[in-house]
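Analysis of the macromolecular model
What follows is the residue order along each chain.
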2 protein chains.
Amino acid sequence: MFSRETYITRRRELLRKLSGEKGIALFVGNADSPAQYRDNCYKWRQDSNWLYFFGIDEPQFAATIDLESGEEIIFADDFGIDDIIWMGPMPSVQSLAEGVGVAKTEPAAKLSWYISDALIKGRPVHFLPASRYYNAQRLSSMLGFAPEELFSAGKAGCPRASLPLVKAVVEMRLVKSPEEIAAIDAACVLGQKMHTVARKGIRLGRVEQEIVGEMEGVTLAEGWGVSFATILTQHGEIFHCHSHEAVIEPGRLMVIDAGAESNEHYASDFTRTYPTGGKYTSRQRDIYQIVYECHELAFSLTKPGVAYRDVHLAAARHMLVRLGELGLVHGDPDEMVAAGIAGLFMPHGLGHNMGLDVHDMEDLGENLVGYDPDQTRSTQLGLGSLRMARRLQPGNVVTDEPGIYFIPDLIELWKKEGTGTGMVNFDKLKEYYDFGGIRLEDDVLVTDDGARRLGGERLPASPDEIEDAMKND
Amino acid sequence: MFSRETYITRRRELLRKLSGEKGIALFVGNADSPAQYRDNCYKWRQDSNWLYFFGIDEPQFAATIDLESGEEIIFADDFGIDDIIWMGPMPSVQSLAEGVGVAKTEPAAKLSWYISDALIKGRPVHFLPASRYYNAQRLSSMLGFAPEELFSAGKAGCPRASLPLVKAVVEMRLVKSPEEIAAIDAACVLGQKMHTVARKGIRLGRVEQEIVGEMEGVTLAEGWGVSFATILTQHGEIFHCHSHEAVIEPGRLMVIDAGAESNEHYASDFTRTYPTGGKYTSRQRDIYQIVYECHELAFSLTKPGVAYRDVHLAAARHMLVRLGELGLVHGDPDEMVAAGIAGLFMPHGLGHNMGLDVHDMEDLGENLVGYDPDQTRSTQLGLGSLRMARRLQPGNVVTDEPGIYFIPDLIELWKKEGTGTGMVNFDKLKEYYDFGGIRLEDDVLVTDDGARRLGGERLPASPDEIEDAMKND
């Protein structure tokens, strides 16, 4: 949690950005989320937009800002004696509100009345898309839209939510302040610690889950936990593989994509790909080297004014040139890029924004967050999944995470449908069906004149660095 | 996951119990639950009732059983190529259904149609209370009740849900089968391992969170994670204290109430209270000894035919007798028990059912789960919080968790309101305002002729055992 002044300044800036708008901005914090039943909840996590503007890290809070008068109200209930037995003496709502510079508080039940009153008077109520079902229902009961209409409709965002409010929030959260950068650096240091523990845990014969437990224990000991469900798999070609029952086998590639959330709720996100036995085969090394070069190239191009979409395309071009040298594709590199051939090998984007959320602001609508108004999102496999395409600004925090995967089902599909015919060497690709996948990811801050990798000392990244580190583990 | 036969037998037994009923029983499995936004979810956890009858540990499944014809249908969608890229090759819905003995499957979208069709024909649709907001909304859209009406209304249960179905499920899940007992024993062994790691981590000057991370890492390495949010606090008088920022101070009592969920989704739940410096003060030892005696007394009384309510009351009586010897209360023990004086020191119940859920079946309504039809739940502080009051049967799994706490706000409230006047020595209690609290908990199986503590070797429990263990850590 930052200082009182930080939250006051952010809300003042928001008000300034919305100075032409009428009505009320409504912010709804999270409630606890049931895991098994309503009294056995998942670990508490506050809504990120709430954290950004109101900071209070407690459930069942809401707030309004009157865009015309500037009046701010926090709506929440104080605790009674039953709560005190179960949860201990708690600060009053009034004192929590004062801690973030809000003078006026009202009981939670007053919020519906306040919103109804505004609606009756014909005043617009600006709100952000819901990120959880409970909040969708809460907004639904106040605003009269069906709950399912209140989520982001995927990439396009949520048509019911307030576009001016969403755009203002995105503009602000896209550029991280120095105190946010310090918080992300700290989350990255913790994420790197997780990864080091994981790397040292790789030994043939162990079950993957043992390593997951060790690395997640580190994040819980020093932070809030993982910033997303850990990916740790010998099948890197499966992107979101959350099953960890496999025994570590010789000759495989172990992809570990994991990050920490700090106690301040900032995220980190790193990926490394290790040879399970400590040494890459020559085929693994060839592919790894390409991924490494793409990653380094992307980092070298990352600077203010450059569109991250172009960085993605430059990495894709380099990947195709180098895969051509291995005989897996052939043709003019620019034509292959235009035809979207890179998507067969890297069906995801080069990176995404990162901050309070690991995919920062994904609840607000991917295109509004990651695309400049004059950019149109591609529908190609790979480029179409790029979450951050914008022209970079100092203070942006993005991930740089190229990868190469051999996904038999996808390759067979392209072959059957004729996609990539004349450019993709489908026969040669057969030899790679048991390869798996490789990804390499660091978190990057855009600076005034370039970029800086976030966190402490960089995790081993090149094939030699990885093998050297594993030799000494 | 158990054998195909297990799930077939359970559903057959359910059908038998509901043989007088008409219509359809509807079961809705869980969907992923968003943490930050819809694509960044909390760790997957299936609904326990779904697990019990249908076993399939994947999101977005539902099923129906026709109570008249016996026809069973599983509703879910197979994966497309997009899913395969992100999640890898997945077994078909048909093969998952066959794995639990269900022959017929339909696409997910067919479920609404199927339920509407039944409702139009005037056939009753039996369903269980929702345990999550998403499922409440799903049921709401099919059945026409408001989502908030579809949860258990606290102790009383959910008036919209089917009472015959709830009762039949409770009867079945209350009595654990040998394979379930083996699964709970395994979860208890893991829970004990967590606690041993935690105990060895207690050192003055460390931050509590470091120990939480270490112990939770163990559960993630070998199991599904924690069975509930870990309580680890030097303020045991605060029951659900989930903040772990405190530094470990000398002279305090550290309450650790934590359990593991095994990969098979069975829970364990243990509590131990340690002297932070390794040795209890004589005042701490006096109170600990009383808690220990209450715990042992309760265990000795646990056997078939005895109401767990009476075990609670016997422990409460013993507690008051012994607190009387310390001069903290005075009067006839039976009169003090009747007046609910024990609730001032132990404002919670002696224990609860445990199985797939740590508070087993809490989503089905506490009173329906924990009270025999002829038992009325007390409104007294303490006894009123007792979740398991039933006459015990072989195969019941319950926790035995007495505790003594000194809660200044609560003591002051009783004093002010005159509760316990003439029985409670409020002056003497002032000396205990900085004491904290002590709780001791093991998990217990009711056997044919008594009870057995679940798990492996018992964790140190008596004051001497605890001090000896800490000496050797």
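Residues numbered from 1 in each chain as written. Chains lettered and ligands numbered in written order. Predicted model: local features only at pLDDT ≥ 70, side-chain atom pairs only at ≥ 80, totals over all residues.

So, about the overall build of chain A. A count of helices and strands for chain A gives 17 helices and 17 strands. For chain A, the C-alpha radius of gyration of 24 Å lies close to 23 Å, the compact-globule estimate for 473 residues. In terms of overall dimensions, chain A has a C-alpha envelope of 70 × 50 × 40 Å along the principal axes. Put simply, of all contacts in chain A between residues at least 6 apart along the chain, 74% involve residues at least 24 apart. (Helix = DSSP H or I, 4+ residues; strand = E, 2+ residues; numbered from the N terminus. Rg over C-alpha atoms; globule rule 2.2 N^0.38 Å. Contact = placed C-beta atoms within 7 Å.)

So, about helix 11 (residues 308-325) of chain B. Residues and elements named next belong to chain B. A rise of 1.5 Å per residue sets the reference length of helix 11, with its 18 residues, at 26 Å; its end C-alpha atoms lie 26 Å apart and thus fit the reference within 8%. Those residues of helix 11 that fall on the buried side of the exposure criterion are Tyr308, Arg309, Val311, His312, Leu313, Ala315, Ala316, His318, Met319, Leu320, Arg322 and Leu323. In this fold, the buried residues of helix 11 make contact with helix 10 (282-301), helix 12 (333-338), helix 13 (342-345), strand 13 (397-400) and strand 14 (403-405). Gly327 lies just past helix 11 and shows a positive phi near 80°. (Expected span 1.5 Å × (residues − 1). Buried ≥ 20, exposed ≤ 12 C-beta atoms within 10 Å, placed from the backbone.)

So, about the sheet that holds strand 17 (residues 451-453) of chain A. Residues and elements named next belong to chain A. Within the open sheet, the three strands sit side by side as 13-16-17. Their pairing is antiparallel. Strands with a single pairing partner mark the edges of an open sheet, and in this sheet they are strand 13 (397-400) and strand 17. Here the strands of the sheet are splayed against their neighbours by 35° on average, with no regard to which way each runs. Relative to strand 17, strand 16 (residues 442-446) runs antiparallel, the two being bridged by three bridges. When the sheet's bridge partners are listed, Val444 is paired in strand 17 with Arg453. (Pairing = 2+ DSSP bridges. Axes fitted to C-alpha atoms, helices over the stretch in contact; angles between N-to-C directions.)

This brings us to the environment of Phe2 of chain B. Residues and elements named next belong to chain B. Looking at where Phe2 falls in the secondary structure, it is placed in the segment before helix 1 (4-17). Using a count of 17 C-beta atoms within 10 Å as the deciding quantity, one classes Phe2 as partly exposed. In sequence terms Phe2 and Gly455 are 453 residues apart; their C-alpha atoms lie 20 Å from each other.

Relative to each other, helix 9 (residues 208-222) of chain A and helix 9 (residues 208-222) of chain B sit at 160°, their axes nearing to 7 Å. When the axes of helix 9 of chain A and helix 9 of chain B are compared, the pair comes out roughly antiparallel. Crossing hand, helix 9 of chain A versus helix 9 of chain B: right-handed. Contact residues: helix 9 of chain A offers Gln209, Glu210, Val212, Gly213, Glu214, Glu216, Gly217, Val218, Leu220, Ala221 and Glu222 of chain A, while helix 9 of chain B offers Gln209, Glu210, Val212, Gly213, Glu214, Glu216, Gly217, Val218, Leu220, Ala221 and Glu222 of chain B. Taken together, the residues of the contact of helix 9 of chain A with helix 9 of chain B break down into eight nonpolar, six polar and eight charged. (Parallel < 35°, antiparallel > 145°, perpendicular 65-115°, else oblique. Left-handed = near helix turned anticlockwise from the far one by under 90°. Nonpolar A, V, L, I, M, F, W, Y, C, P; charged D, E, K, R; others polar.)

Our next topic: the environment of Glu149 of chain B. Residues and elements named next belong to chain B. Structurally, the position occupied by Glu149 is in the loop between helix 6 (133-143) and helix 7 (163-174). You can call Glu149 partly exposed: it has 17 C-beta atoms within 10 Å. C-alpha separation for the pair Glu149 and Arg160, spaced 11 residues apart in sequence, amounts to 6.8 Å.

All names here are of chain A. Relative to each other, helix 10 (residues 282-301) and helix 11 (residues 308-325) sit at 150°, their axes nearing to 9 Å. As far as their axial angle goes, helix 11 and helix 10 are roughly antiparallel. The handedness of the crossing between helix 10 and helix 11 comes out as right-handed. Taken together, the residues of helix 11 that come into contact with helix 10 (itself represented by Ile290, Glu293, Cys294, Leu297, Ala298 and Leu301) are Val311, Ala314, Ala315, His318, Met319, Arg322 and Leu323.

We now examine the pairing of strand 2 (residues 34-37) of chain A. Residue and element names in this part refer to chain A. Relative to strand 3 (residues 40-41), strand 2 runs antiparallel, the two being bridged by two bridges. Across the sheet, the residue bridging to Tyr37 is Asn40, located in strand 3. Connecting strand 2 to the next strand, strand 3, in antiparallel fashion are two residues.

All names here are of chain A. Taken as a whole, chain A is organised into domain 1 (4-174) and domain 2 (178-472). Facing 20 residues of domain 1, the contacting portion of domain 2 comprises 18 residues. Counting residues per element, the ones that place at least two in the side of domain 1 that touches domain 2 are helix 2 (48-54) and helix 7 (163-174). For the side of domain 1 that touches domain 2, a count of residues per class yields 10 nonpolar, six polar and four charged. (Domains from an automatic or database assignment.)

With that out of the way, let us pick up the interface of chain B and chain A. Each partner contributes to the interface: chain B provides 56 residues, whereas chain A provides 56 residues. Put simply, the parts of the chain that give the side of chain B that touches chain A at least two residues each are strand 2 (34-37), helix 3 (81-87), helix 6, helix 9 and helix 15 (408-417) of chain B. Tallied by class, the residues present in the side of chain B that touches chain A amount to 29 nonpolar, 14 polar and 13 charged.

The subject of this paragraph is unusual backbone geometry. All names here are of chain A. Within the chain, Gln60 stands out as a residue other than glycine whose phi angle is a positive 70°. You can see Gln60 is positioned in the loop between helix 2 and strand 4 (62-66). The exposure class assigned to Gln60 is partly exposed, which follows from the 14 C-beta atoms found within 10 Å.

The next thing to look at is the nonpolar core. In this structure, Met319 of chain A together with Met319 of chain B are the most contacted members of the largest nonpolar core, which totals 271 residues. Those residues in contact with Met319 of chain B, other than ones at most four positions away along the chain, are Ile290, Cys294, Ala342, Phe345, Met346, Pro402 and Ile404 of chain B. (Core = buried A, V, L, I, M, F, W, Y, C linked by C-beta atoms within 7 Å.)

To continue, consider the sheet that holds strand 4 (residues 62-66) of chain B. All names here are of chain B. Pairing within the open sheet is mixed, and its five strands lie in the order 6-5-4-1-7. Sheet topology places strand 6 (104-106) and strand 7 (125-127) at the edges, where each strand pairs with a single neighbour. Averaged over all neighbouring strand pairs, the angle between strand axes comes to 25°, with direction disregarded. Taken together, the three bridges between strand 5 (residues 72-75) and strand 6 define a ladder with parallel strand orientation. Bridge assignment links Ile74 to a residue of strand 6, and that residue is Thr105.

Under the fitted operation, chain B is carried onto chain A by 0.0 Å of movement along the axis and a turn of 180°, and the coordinates agree to an RMSD of 0.0 Å. Taken together, the rotation and translation describe the operation of a two-fold axis. Taking C-alpha positions as the reference, the residue of chain B nearest the rotation axis is Gly217 of chain B, at 1.9 Å. When the interface residues of chain B are mapped onto chain A, 100% of them again lie at the interface, so the same face is used by both copies. (Least-squares fit on C-alpha atoms with pLDDT ≥ 70 in both.)

To continue, consider the pairing of strand 4 of chain A. Every regular strand shows the same layout, with side chains that alternate between the two sheet faces. All names here are of chain A. Taking burial as the measure, the five residues of strand 4 include four buried ones, the bulk of the element. Where strand 1 (residues 24-28) meets strand 4, five bridges bridge the pair, whose relative direction is antiparallel. Across the sheet, residue Ala25 finds its bridge partner in strand 4, namely Ile65. Where strand 4 meets strand 5 (residues 72-75), four bridges bridge the pair, whose relative direction is antiparallel. Within the sheet, the bridge partner assigned to Ala62 lies in strand 5 and is Phe75.

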